[in-house]
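Chain residues, written in single-letter form:
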Amino acid sequence: MRKARRERPKAIGLAAPGMPAGSPGMEGGEPEVYRLYLFDASDARPFGDWRGDKPA
């Protein structure tokens, strides 16, 4: 979220498909590397790879 607040991308939401371990709301266990996506009314685009709450 810090990156999103700092960069202020035009988007209406964030998604971490597949509910990977360590992603927000899926804490516990060993964090996996996952790709976070920004989306708007017309498409989704990658917003970076993360491990837990830190960039991978």
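Data block above holds the structure.
Not measured: the values here are computed from a predicted model.

**With respect to unusual backbone geometry**
Okay, so step 1: Unusually for a residue other than glycine, Met19 sits at a positive phi of about 50 degrees.
Okay, so step 2: Tracing the chain through its elements places Met19 in the loop between strand S1 (13-15) and strand S2 (33-39).
Okay, so step 3: By relative accessible area, Met19 is classed as exposed at 58%.

**What to know about the nonpolar core**
Okay, so step 1: Ranked by size, the top nonpolar core spans five residues in total: Tyr34, Leu36, Leu38, Phe47 and Trp50.
Okay, so step 2: Elements supplying a minimum of two residues to this core: S2 and strand S3 (44-51).
Okay, so step 3: Counting residues per element, this core draws most heavily on S2, which supplies three residues.

**Points about the pattern of salt bridges**
Proximity of charged atoms lets side chains of opposite charge pair with each other.
Okay, so step 1: Inspection of the entire model under this criterion finds three salt bridges.
Okay, so step 2: The partner of Arg35 in a salt bridge is Asp49, and the shortest N-O contact between them spans 2.7 Å. Residue Arg35 is located in strand S2, and its partner Asp49 is located in strand S3; the two are separated by 14 residues in the primary sequence.
Okay, so step 3: Two residues, Arg45 and Asp40, come together in a salt bridge whose shortest N-O distance is 3.7 Å.
Okay, so step 4: The class of Arg45 is partly exposed, set by a relative accessible area of 27%.
Okay, so step 5: We classify Asp40 as partly exposed; its relative accessible area is 26%.

Parameters at a glance
Residues numbered from 1 in each chain as written. Predicted model: local features only at pLDDT ≥ 70, side-chain atom pairs only at ≥ 80, totals over all residues. Heavy atoms only, no water. Helix = DSSP H or I, 4+ residues; strand = E, 2+ residues; numbered from the N terminus. Buried < 20%, exposed > 50% of the residue type's maximum accessible area, 1.4 Å probe, protein only. Core = buried A, V, L, I, M, F, W, Y, C linked by side-chain atoms within 4.5 Å. Salt bridge = Lys/Arg side-chain N within 4 Å of Asp/Glu carboxyl O.

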